[in-house]
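Take a look at the letters that make up each chain.
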Amino acid sequence: MALRVGFPRTVPQAQMLDHMLAKKGVSVDKVLDFQIPDEVLVERIEGRWIHAGSGRSYHTKFSPPKVRVCCAAQDRLRCIVASAAPCHGRGA
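Residues numbered from 1 in each chain as written. Predicted model: local features only at pLDDT ≥ 70, side-chain atom pairs only at ≥ 80, totals over all residues. Heavy atoms only, no water.

What follows deals with the pattern of salt bridges. Per the stated rule, a full pass over the model turns up 2 salt bridges. In this structure, Asp29 and Lys30 form a salt bridge, with 3.8 Å as the shortest nitrogen-oxygen distance. When its relative accessible area of 67% is taken as the criterion, Lys30 is described as exposed. In this structure, the salt-bridge partner of Lys61 is Glu43, at a minimum N-O distance of 2.9 Å. Of the two residues, Lys61 sits in the loop between β2 (57-59) and α3 (73-84) while Glu43 sits in helix α2 (residues 38-46), which places them 18 residues apart along the sequence. Taking relative accessible area as the criterion, Lys61 reaches 55% and is therefore assigned exposed. We classify Glu43 as partly exposed; its relative accessible area is 33%. (Salt bridge = Lys/Arg side-chain N within 4 Å of Asp/Glu carboxyl O. Buried < 20%, exposed > 50% of the residue type's maximum accessible area, 1.4 Å probe, protein only. Helix = DSSP H or I, 4+ residues; strand = E, 2+ residues; numbered from the N terminus.)

What follows deals with the packing of aromatic side chains. Scanning the model with the defined rule gives 0 aromatic pairs in all. The positively charged end of Arg44 is found above the aromatic ring belonging to Phe62, 4.3 Å away from the centroid. (Phe/Tyr/Trp six-rings, centres within 6.5 Å; stacked < 30°, edge-to-face > 60°. Lys NZ or Arg CZ within 6 Å of the ring centre and 35° of its normal.)

Structurally, Phe62 is set in the loop between β2 and α3. Between the alpha carbons of Phe62 and Arg44 there is a distance of 9.0 Å; along the sequence they are 18 residues apart.

Quick look at the confidence of the model for the protein now. Confidence in the prediction of the protein, expressed as mean pLDDT, is 76, and 66% of residues score 70 or more. Mean pLDDT in the protein bottoms out at α3, which sits at 59, and peaks at helix α1 (residues 11-23), which reaches 92. (pLDDT = per-residue confidence, 0-100.)

Between its first and last C-alpha, α1 extends 19 Å over 13 residues, near the 18 Å set by a 1.5 Å rise per residue. One side-chain oxygen of the residue at the start of α1 lies 3.2 Å from the amide nitrogen of Gln13, identifying that residue as Thr10. Immediately downstream of α1, the backbone of Gly25 shows phi near 75°, a positive value. (Expected span 1.5 Å × (residues − 1). Polar contact = N/O pair within 3.5 Å; in protein donor to acceptor, adjacent residues only side chain to side chain.)

A few words now on a nonpolar patch on the surface. Residues Leu32, Phe34, Ile36, Val40 and Leu41 make up a contiguous nonpolar surface patch of roughly 510 Å² in combined accessible area. Tracing the backbone through its elements, the reader meets Leu32 in the loop between α1 and α2. (Patch = residues over 30% accessible without salt bridge, like charges linked within 9 Å, V, L, I, M, F, W, Y side chains within 5 Å. Areas by Shrake-Rupley, 256 points an atom, 1.4 Å probe, with all protein chains shown as cover.)

So, in C-alpha cells, the structure goes:
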C-alpha cells in the first residue's frame, strides 16, 4: 500500500488510518522518514515553473525552459513552508 507524503500528519489521522486499514486486514509496516534540509526544499520549489497551457513542469536549475513560461512558485512556497512547520521537532 502506498501513502501520500505528509500523511498522516497528526496522531488522530494516524489512528483513523490504522482503524480504516484494520477493517481491510492491512497495516502499515514500514515508514520512510526523509530528512531534507529546508534550504533544499525551498530551492526545488522556488525554481519550479508550470506552463499553464500544457501543464508541463520546468525547473530553472534542473530542467529550464527555452523561454520563461509562468511561475507561481512563491505562492506554493509560502503554503508548503507553513504546512511543513508542524513537522519540525517532532520525534519519530
